[in-house]
Each structure stands twice: as structure tokens, then as C-alpha cells.
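Chains, contacts and geometry: an overview
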Amino acid sequence: MSRRGALSLAGGLASALALSSCARHGSQGERLIRHSQALVRTKDFSGTVLLACGQHVEFAESYGLADRGSGEHNTIDTKFNLASIPKIFTATCILQLVEAGAISLDDTLGMHLPDYPNRDAAERVTIAHMLMHRSGIGNYWQGLAELDGPHPDSHRDYLPLFADIPLEHEPGNAFSYSNGGYVVLGLIIEAVTGKSYFEHVQQAVFDRAGMTNTGNWRQDADVSNRAIPYMRSEEIPGEWVDCSSRLEPRGSAGGGAYSTAGDLHRFATALMRNRLLGAEMTSVFLQGRGETPVGSYGYGIIEQDLNGTRLLGHSGGHYGIACELMMFPELDTTFVVLTNGDVDAYWDTEAFVHELIAGPTEKTRNYRFTQDLVDLTALKGLEAGVTMGQANTDGRKAREGVVDLAAFKLIHRGQNEIGINLLQLNRALQRNSDYAIYRLADGLRVTGQTAQALDMYRTYLGRVPGDAEAEARIAELSKS
């Protein structure tokens, strides 16, 4: 993953929404709709939001374009790529098989995949380890990026990309997010059921929950009303980049299915009402089990405490994709946000909902402080922003990624001076960040300030010697 790719995923796994009673939803929903409409103007929001109490949808609204080429608008029925949210579907399938007695959470992966190429993993990694991202099995992203030939078409096709990599840690001893581990879970589902993962999840989850607009369609399939993922172009300010080519050709047990906000609500309803699992196994599912930087990660689901309110769900992020399913079992409440644009509108929606429903949290305080820094710098200049940031004494921290994305959004809109000031702000406040230096160099380069960009790339190389990307930029600019 590139520096830019890592940032697009940083919306990461955090989520929240909690309402004290369903009766409050009306006024809360109206405020959320107004906020979403404002985000269309301020952060180019493109996507769908849905709020429901039980089976009743309190509101569902869509914004922006599904296809910028044709001008097709997002609608309530638009299908969005879910990135990592489908891990929760895979976990549901696994727990169904546990409930049926076909497998055990303590089974090693080698019990069901005796020909798995990594014997150490086959003998020591359990199904529970993989569900909780504690297996030590790595990811396939680097192998996929370097692949010379056809992309994987089946779950088994992924194995050469990661299976031979030594375990990152002792199974069970640490949390390390692993798409590879979920691909292996997909293979176990196939081995036990005798069906492809795609066929099984369709029958065991989508059909049973009434999710008629959800599927693991190929990217080249003719699927109606499907949103194209976009990001703002940094190399050509003002343009939007179609990120479809950066997605895998088809989803897997680790993510990449398509769905609608309504179908995710149907999934949450079916799960909460024990239609996918029995009451006892649903209770096993709906809890966190190991603390991580993003909350307590359980069997494919994340549990968080938001000012005393329990929330469960999963998020997803990729190039041009930021989305989340949020469930609140004690409140019988579901919130869904699906987007097909840059991640800043998703971040703002998340922070707004947290504060709307549960009041400020540490995370939202940091977000609001960062937004205030961005606004002050835009209005009064770099010195004012630096002074505010350095004078902060109440523990709030500026979020580097939020400032970075705001800077390039402004450059995208032709407000170059303010954008560069924000990148300078990041460098001043994030003194130990090599990333802040590199991104300032990028900003200077794309706004035509070649000499300053060269100086900044060289400053970066002084801290990170041998970085091939920075060396290539210097070579490129030196020729101009």
C-alpha cells in the first residue's frame, strides 16, 4: 500500500451511533440530514446514510454521483463496494457452521485444509485466531501489487500471495489485521460445505436476511446501479480519479462485496432477531474479545463503548471507498454510511454522529480541534494556525491525516496557498513525521513550486535514505 492508500484506509475500524430511545430519532435524523447536505458542499460527500429503529427506517438519503462520467446520481438502491464490512458476513457463516457442529472455533486450519502450504500455520493457527485477527497470517497486498499475470479468481488463487510468509507472531498473542486470514476462512467454508464461498454466503446470509441487492459480483460484470469509487486527483487538481482498477476483480471472504444501505439494515435486523444464528450463538457473536487500537475485536465484529453505550459493527475502506455498519443491540438501532468518494466526508459524518448521539468523546474532540485548526489557518494564515496548535494545553491532538486531506482538497479546488499553508501546519505540529515532510514536497510539486519541492524531497531523503519514490521525484523534477 502507498502512503496515500494507507491514508484512505485510515477511516479504519472505529464507529458509533447510540440513541437513548427510538422516539428521539426524528429530530436527530433531521439534523443528520442537514449535516450530510452541508458535507456535499464542504467535503464533496457522495454516498448514502440510513438510520433505523428496529425494522423501521427513520430516514435514508443519498447524495452525489454514482458515475461522474454519465452523471448518474446515487440513490437509496445504489450498490456500494463494502471493502472490509463483509468480514462480518464471513464470520456469520463460520459461526453457523460452529452452531451446526460441523467445525469448532478451536479447530486448527490444517484440520480442514490438510494441504495448506504453511505447515507451521496449519498446525498452530485456529479458526478463532483468524476470526479475531490474531493468527499471525499476513496480508496479500504486496503480492497482489507485484503480481505478473491474472489476478486471483478464487480463494485458493490467493494462497501463493501470502501463505508461505512466516507467521508474524505467535498465534493468539497479538492483534494484526489480516485479510489473508479471512481468505483462509473462506477456504474452510468451501471445504466444509462443498460449495464455493460465494454460493454459500449467498444462501446462508444474503438470502436468509432478504438482501436482494447484495452480491460478490465481478468488477467487469454488468450490474445495474453500482457506484464507481472516486478519489480527488492529486496529480491533476480539479479532476476525480476512477479507482475501479485498484479494486480486486471480485470480492472474497475478506471483503469487496457490494450492497445497499437497505440491505445492510436487513442484515442487522436478521442478526439481532436471531434469524441468522440462534440466540446463544448470536450472543457469542455480538461481543468484543480482545482489545485493539480500534476497540475490542471479536469474531469478525468490533465492540466499542461510546460514553456508556455499547456499539457493534464493522467498517471498510479502500481507494474511493469509506463505509460502516453500526449496530446498537440495546437500543435496537442501526446506522449505515456508504460512500464512493474521498474519506473526509466519512470522517466528518462519524464525528458528527458521535457527538449528536453521545456527546463529545476523546476522538471527536481531537477531530473538532483539528477542524478548528484548518479553519483558522485558512482564514488567518499559517502563523495563526501554528500558534493555536502549539498553545493547546488541554490534551487535544491534531489529526495529521485530516489536515493532509483538507490541504489537498483545497489544492484540488485551486486554493493553492491555503493548501500549502495546511501542509506547512502539519510539518510544524507533527515534528517527528516523515510523512508530513513528504506530503509538503508533494503539495509544492503539484502546485508548480519546483525548487521548494526539490528542497523538501531532499530533506525527506535525509531522514529516510534510499526511499525510491522520493529519489524518483527528485530525478523527475531535476529534468524540468
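Here the structure is a predicted model, which means the values were calculated and not measured. (Residues numbered from 1 in each chain as written. Predicted model: local features only at pLDDT ≥ 70, side-chain atom pairs only at ≥ 80, totals over all residues. Heavy atoms only, no water.)

Read from one edge of the open sheet, eight strands run β2-β1-β14-β13-β12-β11-β10-β9, paired in antiparallel fashion. Each edge of the open sheet is held by one strand with a lone partner, namely β2 (56–63) and β9 (288–292). Taken over all neighbouring pairs, the strand axes of this sheet differ in orientation by 20 degrees on average, direction set aside. When strand β13 (residues 321–328) meets strand β14 (residues 333–339), the two strands line up antiparallel, connected through seven bridges. For M327, the partnering residue across the bridge sits in β14 and is T334. (Pairing = 2+ DSSP bridges. Helix = DSSP H or I, 4+ residues; strand = E, 2+ residues; numbered from the N terminus. Axes fitted to C-alpha atoms, helices over the stretch in contact; angles between N-to-C directions.)

For the rest of this paragraph, the subject is the pattern of salt bridges. Inspection of the entire model under this criterion finds 25 salt bridges. Between E303 and R310 there is a salt bridge, and its shortest N-O distance comes to 3.7 Å. What emerges from the salt-bridge pattern is a single network uniting E234, E235, D404, R439, D442, R445, R473 and E476. (Salt bridge = Lys/Arg side-chain N within 4 Å of Asp/Glu carboxyl O.)

Let us now look at the nonpolar core. One finds F89, L109 and Y116 to be the most contacted residues of the largest nonpolar core, which totals 78 residues. The element best represented in this core is helix α3 (residues 87–99), accounting for eight residues. Ignoring anything within four residues of it in the chain, the contact list for L109 reads Y116, A121, A122, V125, M130, I137, V184 and I188. (Core = buried A, V, L, I, M, F, W, Y, C linked by side-chain atoms within 4.5 Å. Buried < 20%, exposed > 50% of the residue type's maximum accessible area, 1.4 Å probe, protein only. Contact = heavy atoms within 4.5 Å.)

Another point: the packing of aromatic side chains. Following the criterion strictly, the structure yields ten aromatic pairs and no others. A ring pair is formed by Y140 and F162, whose centres lie 6.4 Å apart and whose planes are at 45 degrees; its orientation type is tilted. Remark: F162 occurs in the loop between α8 (155–158) and α9 (179–193) and Y140 occurs in the loop between α6 (127–131) and α7 (141–145); sequence separation between them is 22 residues. The same class applies to Y140 as to F162, namely buried. Relative to Y460, the ring of Y438 has its centre 4.9 Å away and its plane inclined at 75 degrees; by these criteria the two rings are edge-to-face. A residue pair is termed long-range when its members are at least 10 positions apart, and Y438 in helix α18 (residues 434–446) and Y460 in helix α19 (residues 450–463) qualify at 22 residues. Both residues of the pair, Y438 and Y460, belong to the buried class. Taken together, the ring pairs in this structure connect Y140, W141, Y158 and F162 into an aromatic cluster. (Phe/Tyr/Trp six-rings, centres within 6.5 Å; stacked < 30°, edge-to-face > 60°.)

The next point concerns the packing of helix α16 (residues 400–412) against α18. The N-to-C vectors of α16 and α18 enclose an angle of 0 degrees; their axes lie 11 Å apart at closest approach. Classified by the interaxial angle, the pair formed by α16 and α18 is roughly parallel. Along its contact with α16, which presents E400, D404, F408 and I411, the element α18 presents Y435, A436, R439, D442, G443 and V446. For the contact of α16 with α18, the per-class residue count stands at five nonpolar, one polar and four charged. (Parallel < 35°, antiparallel > 145°, perpendicular 65-115°, else oblique. Nonpolar A, V, L, I, M, F, W, Y, C, P; charged D, E, K, R; others polar.)

With that settled, consider α3. Here α3 is 13 residues long and its end C-alpha atoms lie 18 Å apart, about the 18 Å a rise of 1.5 Å per residue gives. When α3 is considered as a whole, its buried residues turn out to be K87, I88, F89, T90, A91, T92, C93, I94, L95, Q96, L97 and V98. G101 occupies a position one or two residues after α3 and carries a positive phi of about 80 degrees. (Expected span 1.5 Å × (residues − 1).)

A positive phi angle is found at H133, which is not glycine, with a value near 60 degrees. Here H133 shows up in the loop between α6 and α7. Among the residues examined, H133 registers a relative accessible area of 0% and is labelled buried.

Remember that the coordinates give geometry; whether it matters functionally is a separate question.
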